[in-house]
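# Summary of structural features
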Amino acid sequence: MPGFLLRRLGQAGVTILGVVTLIFFVQRLTGDPTYLLVPETATQADIDALRTALGFDRPLFVQYLDFLAELLRFDLGQSVVQRVPVTTIIASRMPYTLMLAAGALVVACGIGIPIGVLLALYRETLLAKFAAGLVLSAQSMPTFWSGILMILVFSVLLGWLPPSSTGGFSNLIMPSVALGLLSMATFARITRAALLDELSKDYARTARSRGVGTGRMLFRHLARNASIPLITVAALEISNLLAGAVIVETVFAWPGLGQVTVQAILARDFMIVQGVVLLGAFVTVFLNLLSDILYSVVDPRIVLEKAR
Amino acid sequence: MMRAAKTALRWWPLAILALAVLAAVFAPWLAPYDPNQQNLLGRLRPPGTTSRSFHYLLGSDELGRDLLSRAIHGARVSLVVAFASVVLSGTLGTALGMIAAYRRGWIEMIVMRVVDVFLSIPAVLLAIITVAVLGPSLLNVILVLALTRWPRYARVAYGQTLSVVNMPYVKLAALMGAGAWRILLRHILPNIVGAVSVVATLEFGLMILFEAGLSFLGLGVQPPTASWGAMLSTGRNYVSTAWWVATLPGFCLFVLVLAVNLTGDAVRDRLDPRLR
């Protein structure tokens, strides 16, 4: 177990280094990143001053090492516009995005997993056919459109829910549903596939032939085995939710990381964009690591020593 | 009679796709008006109204432009971006994945590590930061999507190549003196193309949504070019006064992506019965 953990940690470290390197070079695709940070009205003197201040006039390799050193100290730089450390800005917006992502995850799992069960165990029923249509629609629905439609119906026409911003629980409902719908479809599909896979195995057939009822079958026999692919998907989906928040937060004027990213792009405040992208990548790498470790908890047959 | 109806039902996704392609190709002839022609006296008119020489079948936007004409032209952007980015990323990813699996050694290690790195940055965020650096334009959106999506294909092509590379017929071809390129293109590629096209059909729908998402955020095709995502973005501002502005482009997107996904499912069932 420690051997595996160390190796897996090492792998995650290499991936993180790769991510950091990629982000560093993406920002230098056009050559000098100073131009990304200045308004179009800036004079040449302003540009030169900023370039020196931020150290963009130094050799690329020195900049790169410096960038790495700053990251190791959890220093994401300063917002050029707001003159505040990027970590402060991220920390102040993070709770909102976490709240939204949690709400979306509740929607995604709470609707998606039962629908997946329905599609696997009762596939001939009318309800299952309706649910299959729902999954397919959710998968094809752009989040910004479902968001706008919900505002139109529930805020403008019916006046039941507030159209935007924060405040109470009612403000969280529509953004969570809009963000969670796509993941809901994924959870439903994976649950269905995993259950069908388990149902075709010998132990399930034996249990059936012994007369085990559907409920007991599901919870005592299938649930644990079928949850392995779900863990992988959950890890991927959480990072997808964080990325999807960019659009949903814009639709609902939700003051989270997504909104601050879009505002930063428009204000040419690149340090913030870079910080959020790095954070998203770190979270993804971490969640993948976590899901690998969780496998062995759910399924003792997966011995971590031998896993790769 | 029932049978004919059932057949028609099964083929509607393809019919929608065909319709979208027709709209995209013949947009200038099909659209009733110039998509960028403004009519400031006829702003935000509901569907079915007339203002000056315009008859707004599906309503007008905040500059009095005909929404139907803009929606037809918007199909161009969606399809061009999706098609070009899928072809580019598919070719790049498949080639790299195949080479990594065939050559093994350090090439394999580097390519697959880079794939891991790309896959661990949420694709939307990577696309956003890259477009923001390069500047928004049609070409840049295509390039960015191609450059951020190739690892999906690389991973599939890599796995598939590994599973056929040790088949006796591939070894035989090598023994008979076939070069690496000939083996890759003539013996391996035909065997993995099915799995790669399954990825491509899934990606096609996603790329339509990605383009719309980038345009929605103002990082896609620039105004006044009609793009469904950008139309939705302006429509959002008028959702309480003019519901039709956001509804129409969203509906177009939804139906097109639904049709692409359904067609993709059908393709998958044909090509890979195990995934059914």
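Residues numbered from 1 in each chain as written. Chains lettered and ligands numbered in written order. Predicted model: local features only at pLDDT ≥ 70, side-chain atom pairs only at ≥ 80, totals over all residues. Heavy atoms only, no water.

Another aspect to go through is the overall build of chain B. Check the secondary structure of chain B and you find ten helices and two strands. In chain B, the succession of helices and strands from N to C terminus is α-α-β-β-α-α-α-α-α-α-α-α. Principal-axis analysis of the C-alpha atoms places the extent of chain B at approximately 75 × 55 × 30 Å. With 276 residues in all, chain B has 51% of them scored as buried. A sequence separation of at least 24 residues applies to 70% of the contacts in chain B between residues at least 6 apart. Total accessible area on chain B stands at roughly 13,100 Å², and carbon and sulfur atoms take up 68% of it. In chain B, which carries 23 positive and 11 negative side-chain charges, the distance between the mean positions of the two groups comes to 7 Å. (Helix = DSSP H or I, 4+ residues; strand = E, 2+ residues; numbered from the N terminus. Buried < 20%, exposed > 50% of the residue type's maximum accessible area, 1.4 Å probe, protein only. Contact = heavy atoms within 4.5 Å. Areas by Shrake-Rupley, 256 points an atom, 1.4 Å probe, with all protein chains shown as cover. Lys, Arg positive; Asp, Glu negative; His and termini not counted. Charge placed at Lys NZ, Arg CZ, Asp CG, Glu CD.)

Our focus in this paragraph is helix H5 (residues 123-134) of chain B. Residues and elements named next belong to chain B. With twelve residues, H5 should cover 16 Å at 1.5 Å per step; its first-to-last C-alpha distance of 16 Å lies within 8% of that length. Every buried residue of H5 is accounted for by Ala 123, Leu 125, Leu 126, Ala 127, Ile 128, Ile 129, Thr 130, Val 131, Ala 132 and Val 133. Just downstream of H5 lies Gly 135, where phi reads positive at about 95°. (Expected span 1.5 Å × (residues − 1).)

What follows deals with the domain arrangement of chain A. Residues and elements named next belong to chain A. Domain boundaries assigned for chain A yield domain 1 (2-72) and domain 2 (93-307). Computed over C-alpha atoms, the centres of domain 1 and domain 2 are 32 Å apart. If you look at the interface, domain 1 gives 20 residues, while domain 2 gives 16 residues. Contact between domain 1 and domain 2 buries roughly 1,700 Å² in total, counting both sides, with carbon and sulfur atoms accounting for 72%. The three residues of domain 1 that bury the most area against domain 2 are Phe 4, Arg 8 and Leu 36, which together make up 31% of that side's buried surface. On inspection of domain 1 and its partner domain 2, the count reaches zero salt bridges. Going through the elements one at a time, helix H1 (2-26), helix H2 (34-37) and helix H4 (60-72) are the ones with two or more residues in the side of domain 1 that touches domain 2. The biggest single contributor to the side of domain 1 that touches domain 2 is H1, with twelve residues. In the side of domain 1 that touches domain 2, the residues fall into 16 nonpolar, two polar and two charged. (Domains from an automatic or database assignment. Buried area = accessible area lost by both parts, 1.4 Å probe. Salt bridge = Lys/Arg side-chain N within 4 Å of Asp/Glu carboxyl O. Nonpolar A, V, L, I, M, F, W, Y, C, P; charged D, E, K, R; others polar.)

Moving on, we come to the pattern of salt bridges. Residues and elements named next belong to chain B. With the rule as written, the count across this model stands at seven salt bridges over all chains. Where Arg 149 meets Glu 203, a salt bridge forms, and the shortest distance between an N and an O atom there is 2.9 Å. Remark: Glu 203 occurs in helix H8 (residues 180-216) and Arg 149 occurs in helix H6 (residues 138-165); sequence separation between them is 54 residues. Exposure remark for Arg 149: the relative accessible area of 4% places this residue in the buried category. On the basis of relative accessibility, which here comes to 4%, the residue Glu 203 falls in the buried class.

Another aspect to go through is the packing of helix H5 (residues 86-121) of chain A against helix H6 (residues 126-140) of chain A. Residue and element names in this part refer to chain A. Where H5 contacts H6, the axes come no closer than 9 Å and their chain directions differ by 130°. Our classification of the angle between H5 and H6 gives oblique. As for how H5 packs across H6, the hand of that crossing is left-handed. In contact with Ile 115, Leu 118 and Leu 119 of H5, H6 contributes Leu 127, Ala 128, Ala 131, Ala 132, Leu 134 and Val 135. Within the contact of H5 with H6, the residues separate by chemical class into nine nonpolar, no polar and no charged. (Axes fitted to C-alpha atoms, helices over the stretch in contact; angles between N-to-C directions. Parallel < 35°, antiparallel > 145°, perpendicular 65-115°, else oblique. Left-handed = near helix turned anticlockwise from the far one by under 90°.)

What follows covers the interface of chain B and chain A. Across the contact, 39 residues belong to chain B and 42 residues belong to chain A. Carbon and sulfur atoms supply 84% of the area buried between chain B and chain A, which totals about 3,700 Å² over both sides. Sorting the residues of chain B by area buried against chain A places B:Leu125, B:Ile129 and B:Val133 first, and these three jointly supply 17% of that buried surface. The interface formed by chain B and chain A contains zero salt bridges.

This part takes up empty space enclosed by the protein. One water molecule sets the probe size; rolling that probe over the atoms shows where empty space is left. Residues and elements named next belong to chain B. Counted by the stated rule, this structure contains one cavity of 30 Å³ or more. In this model, the largest cavity occupies a volume close to 50 Å³. Phe 118, Leu 119, Ile 121, Ala 123, Leu 126, Thr 148, Arg 149, Pro 151 and Arg 152 together form the lining of the largest cavity. Going through the elements one at a time, helix H4 (105-119), H5 and H6 are the ones with two or more residues in the lining of the largest cavity. By residue class, the composition of the lining of the largest cavity is six nonpolar, one polar and two charged. (1 Å grid on protein atoms, 1.4 Å probe; cavity = no way out; pocket = protein on both sides within 12 Å on 5 of 7 lines; lining within 4 Å. Points joined across faces, edges and corners; volume = space filled by probe spheres on them.)

For the rest of this paragraph, the subject is a nonpolar patch on the surface. All names here are of chain B. The grouping of Val 21, Leu 22, Val 25, Phe 26, Trp 29 and Leu 30 at the surface amounts to a nonpolar patch, some 620 Å² of accessible area in total. Those elements that provide at least two residues to the nonpolar patch are helix H1 (2-25) and helix H2 (27-30). Its place among the elements puts Leu 30 in helix H2. (Patch = residues over 30% accessible without salt bridge, like charges linked within 9 Å, V, L, I, M, F, W, Y side chains within 5 Å.)

Our focus in this paragraph is the packing of aromatic side chains. In total, this model carries eleven aromatic pairs over all chains according to the counting rule given. Summarising the aromatic geometry, the rings of B:Phe26 and B:Trp29 are spaced 6.3 Å apart at their centres and angled 65° between planes, so their arrangement reads as edge-to-face. These aromatic residues form a ring-pair network of at least three members: A:Phe24, A:Phe25, A:Tyr64 and A:Phe67. Its end group placed over the ring of A:Phe24, A:Arg28 keeps NZ or CZ at 3.8 Å from the ring centre. (Phe/Tyr/Trp six-rings, centres within 6.5 Å; stacked < 30°, edge-to-face > 60°. Lys NZ or Arg CZ within 6 Å of the ring centre and 35° of its normal.)

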